[in-house]
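Chain by chain, the residues:
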Amino acid sequence: MAKFYVLGGGNEIGASCYFIELDGTKFLLDCGIRPSSKKTYPDFINFLSQGYVDGFWDIDAILLSHSHLDHIGALPSISQDLKNNIYISSENSELFPCMLSQTLKNNSDSENIKLYSENQVKKTLEKVNFIDFNKSFFINDIKITFYPAGHILGASCILLESKEGNFLYTGDFSYDFQYTVPSIDLPKGVKIDTLISENTYGDIEIKKSKDDLIMDFINEINASLKNEHNIIIPAFALGRTQEIAMILNDYIERGLVLNNPEIFIDGLSQKISHIYENKGFKIYSNYIKNAPRNLYKNIKHLKSKIVICSSGMLLEGSASYKYYKNIRDLESAKVIFTGYLDPLSYGNKVYKNKDFEKSIIVKHGLSAHTDSKGIFDLIKHTNPKRIIYVHTGDNSSNILFKTHKLFPKTDTIMSFNNMKLII
């Protein structure tokens, strides 16, 4: 029988890490950190006490869904014990090392996530194998295939086929077409026994079309540009920054953004944006450039500038944190959040207290995660015998009732950290 254990990322978003044993072959699905929490790592100690493995050298493979740090950032902490057995999709060949370098203790550009020595990160990178989408490979008798998940560049849904059943781990996924990545792409008729699905926004069904959501965002920007206000857009360095840049490029070219504003990219977002450019995406243009050095110090003296900068949650020490600190007392400035805000993050604190800020604080739903409709569409597509919800956001436990109602014959499980299952 299959064994499943949640080390982190069960009833939370952050530190995604799940153990699964199939036909005696042992895997970790993702191995992330909690960037906004003092409890940084998955619960490795409690996991090792359960007797599933003698140590991490017993893990046959670590399968990674994508390169966000909440899915990969804990790897260097266990890298000395690992075999050369880390797998991630080929589109991450430049993104993975760039993101992992942000955890280096001596990285002056790090957004305050300084956890590891150069040797720890180097050992991790030496053990990574990059796998093309839709090309199956075997770990012992388990057949593994990475499929495009949407979400961000290189994000994968991971299918494990075994005698004990077929398991699909979604990672983070989206059915929406984005400028930087197409939607999730699973083959028709794929047979799934157990679906392990993200549940970030399981309590939400987005009624507006993607085009309408983008137009709301553009209207928000135009309202500020009309008054010559500066706009700070905190954004995840990987995925969100590039998506926003391509949206703005497109809408400026179509004449839908006022006054053709100067737009700057800052923080780690710059390095990731250059990787996207090398892969053929048009991030930079006549309107969008890298921010000059220390622009955050002078931003309050400028007018009608837009800055897209990491981190997306105003992580202390990040570029977006520095910009916010320099414009927070200005009525002529606006901060636009466009993605997920961890409840423990400084960005969430700012947003929750927006009525007490002099600058204008708003949030627009341009997330790269699916909503409840997307989750239900995936269930219809895969027709699993059981569903295990992981990566559960605030209030998203409400999806349990809706799933039971729509799919009464499907066994539905809401996971929590340190939960163990025999399937």
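Please refer to the structure higher up on the page.
### Focus: the overall build of the protein chain
When helices and strands are counted, the protein chain shows 12 helices and 20 strands. What you see for the protein chain is a C-alpha radius of gyration of 21 Å, in line with the 22 Å of a compact globule of 423 residues. The buried share of the protein chain, reckoned over its 423 residues, is 61%. Residue pairs in contact within the protein chain that sit at least 24 positions apart in sequence constitute 73% of those at least 6 positions apart.

### Some details on the pairing of strand β1 (residues 3–8)
Where burial is concerned, most of β1 is hidden: 5 out of the 6 residues are buried. For β1 and strand β20 (residues 420–422), the ladder comprises 3 bridges, and the chain directions are antiparallel. By the bridge assignment for β20, Tyr-5 is matched with Lys-420. Sheet topology note: the β1/strand β2 (residues 17–22) ladder contains 5 bridges and is antiparallel. Counterpart to Tyr-5 in the pairing with β2 is Phe-19.

### Focus on empty space enclosed by the protein
This model, assessed by the stated rule, comprises 1 cavity of 30 Å³ or more. Space inside the largest cavity adds up to approximately 40 Å³. Considering the residues around the largest cavity, the lining is formed by Pro-234, Ala-235, Phe-236, Arg-240, Gly-312, Phe-337, Thr-338, Gly-339, Tyr-340 and Leu-341. For the lining of the largest cavity, the per-class residue count stands at 6 nonpolar, 3 polar and 1 charged.

### A word on the sheet that holds strand β12 (residues 230–234)
Spatial ordering of the open sheet is given by β14-β13-β15-β12-β16-β17, a layout of 6 strands whose pairing is parallel. The open sheet has two edge strands with one neighbour each: β14 (288–290) and β17 (360–363). When strand polarity is set aside, the average angle formed by the axes of neighbouring strands in this sheet is 25°. As judged from the 4 bridges shared by β12 and strand β15 (residues 305–309), these two strands associate in the parallel manner. Along β15, the bridge assignment pairs Ile-232 with Val-307. Set on the sheet, helix α7 (residues 269–278) makes contact with β13 (262–266), β14 and β15; between it and β13 the angle comes to about 100°.

### Section: the packing of helix α11 (residues 372–382) against helix α12 (residues 399–406)
Where α11 meets α12, the closest approach of the two axes is 12 Å, and the angle between their N-to-C directions is 35°. Note on packing geometry: the crossing formed by α11 with α12 is right-handed. Across the interface between the two elements, Ile-375, Phe-376 and Ile-379 of α11 pack against Ile-399, Lys-402, Thr-403 and Leu-406 of α12. Looking at the contact of α11 with α12, its residues break down into 5 nonpolar, 1 polar and 1 charged.

### Brief notes about the pattern of salt bridges
It is possible for side chains bearing opposite charge to pair when their charged atoms get close. In this structure the tally under the stated criterion is 12 salt bridges. Where Glu-205 meets Lys-207, a salt bridge forms, and the shortest distance between an N and an O atom there is 3.7 Å. Its relative accessible area of 40% is what places Glu-205 among the partly exposed residues. Owing to a relative accessible area of 70%, Lys-207 belongs among the exposed residues under this scheme. Two residues, Lys-208 and Asp-216, come together in a salt bridge whose shortest N-O distance is 2.5 Å. In this structure Lys-208 comes out as partly exposed when scored by relative accessible area, which is 46%. Each of the salt bridges in this network shares a partner with another, and the network as a whole consists of Lys-191, Asp-193 and Lys-385.

### Some words on helix α5 (residues 210–226)
Here α5 spans 24 Å end to end across 17 residues, near enough to the 24 Å set by a 1.5 Å rise per residue. All of the buried residues in α5 are Lys-210, Leu-213, Ile-214, Phe-217, Ile-218, Glu-220, Ile-221, Asn-222, Ser-224 and Leu-225. Buried residues in α5 make contact with β12, α6 (240–253), β15, β16 (333–337) and β17. Directly beyond the C-terminal end of α5, a positive phi value near 60° is found at Glu-228.

### What about the layout of surface pockets?
The method is simple in principle: a probe with the dimensions of a water molecule rolls over the atoms, and the space it marks as empty is what remains. What the largest pocket holds in volume is close to 740 Å³. In terms of lining residues, the largest pocket is bounded by 43 residues, among which Pro-35, Asp-70, Phe-236, Met-313 and Tyr-340 are the most central. Those elements giving two or more residues to the lining of the largest pocket turn out to be α2 (69–72) and β18 (386–392). Along the lines of polarity and charge, the residues of the lining of the largest pocket split into 17 nonpolar, 18 polar and 8 charged.

### Thoughts on the sheet that holds strand β7 (residues 137–139)
Taken in spatial order, the 7 strands make up an open sheet running β7-β8-β9-β10-β11-β18-β19, and their pairing is mixed. Unpaired on one side and paired on the other, β7 and β19 (411–414) mark the two borders of the sheet. Geometrically, the sheet is characterised by an average inter-axis angle of 25° between neighbouring strands, direction not taken into account. Across 6 bridges, strand β8 (residues 142–148) lies against strand β9 (residues 156–162) in antiparallel orientation. Its bridge partner lying in β9, Tyr-147 is registered against Cys-157. Seen against the sheet, α11 touches β10 (165–169), β11 (194–199) and β18 and runs at an angle of roughly 170° to β11.

### Comments concerning the packing of aromatic side chains
Tallied over the full model, the rule gives 20 aromatic pairs. On the basis of an interplanar angle of 80° and a centroid distance of 5.2 Å, the ring pair of Phe-44 and Phe-56 is categorised as edge-to-face. Of this pair, Phe-44 sits in helix α1 (residues 44–48) while Phe-56 sits in the loop between α1 and β4 (61–63); the two residues are 12 residues apart in sequence, bridging distant segments of the chain. Phe-44 gets classed as buried once you look at its relative accessible area, which sits at 11%. Considering the side-chain rings of Phe-137 and Phe-146, the 6.1 Å spacing of their centres and the 10° angle between planes classify their relative orientation as stacked.

Thresholds, definitions, all that
- Residues numbered from 1 in each chain as written.
- Predicted model: local features only at pLDDT ≥ 70, side-chain atom pairs only at ≥ 80, totals over all residues.
- Heavy atoms only, no water.
- Helix = DSSP H or I, 4+ residues; strand = E, 2+ residues; numbered from the N terminus.
- Rg over C-alpha atoms; globule rule 2.2 N^0.38 Å.
- Buried < 20%, exposed > 50% of the residue type's maximum accessible area, 1.4 Å probe, protein only.
- Contact = heavy atoms within 4.5 Å.
- Pairing = 2+ DSSP bridges.
- 1 Å grid on protein atoms, 1.4 Å probe; cavity = no way out; pocket = protein on both sides within 12 Å on 5 of 7 lines; lining within 4 Å.
- Points joined across faces, edges and corners; volume = space filled by probe spheres on them.
- Nonpolar A, V, L, I, M, F, W, Y, C, P; charged D, E, K, R; others polar.
- Axes fitted to C-alpha atoms, helices over the stretch in contact; angles between N-to-C directions.
- Left-handed = near helix turned anticlockwise from the far one by under 90°.
- Salt bridge = Lys/Arg side-chain N within 4 Å of Asp/Glu carboxyl O.
- Expected span 1.5 Å × (residues − 1).
- Phe/Tyr/Trp six-rings, centres within 6.5 Å; stacked < 30°, edge-to-face > 60°.

The analysis is restricted to geometry; functional conclusions fall outside its scope.
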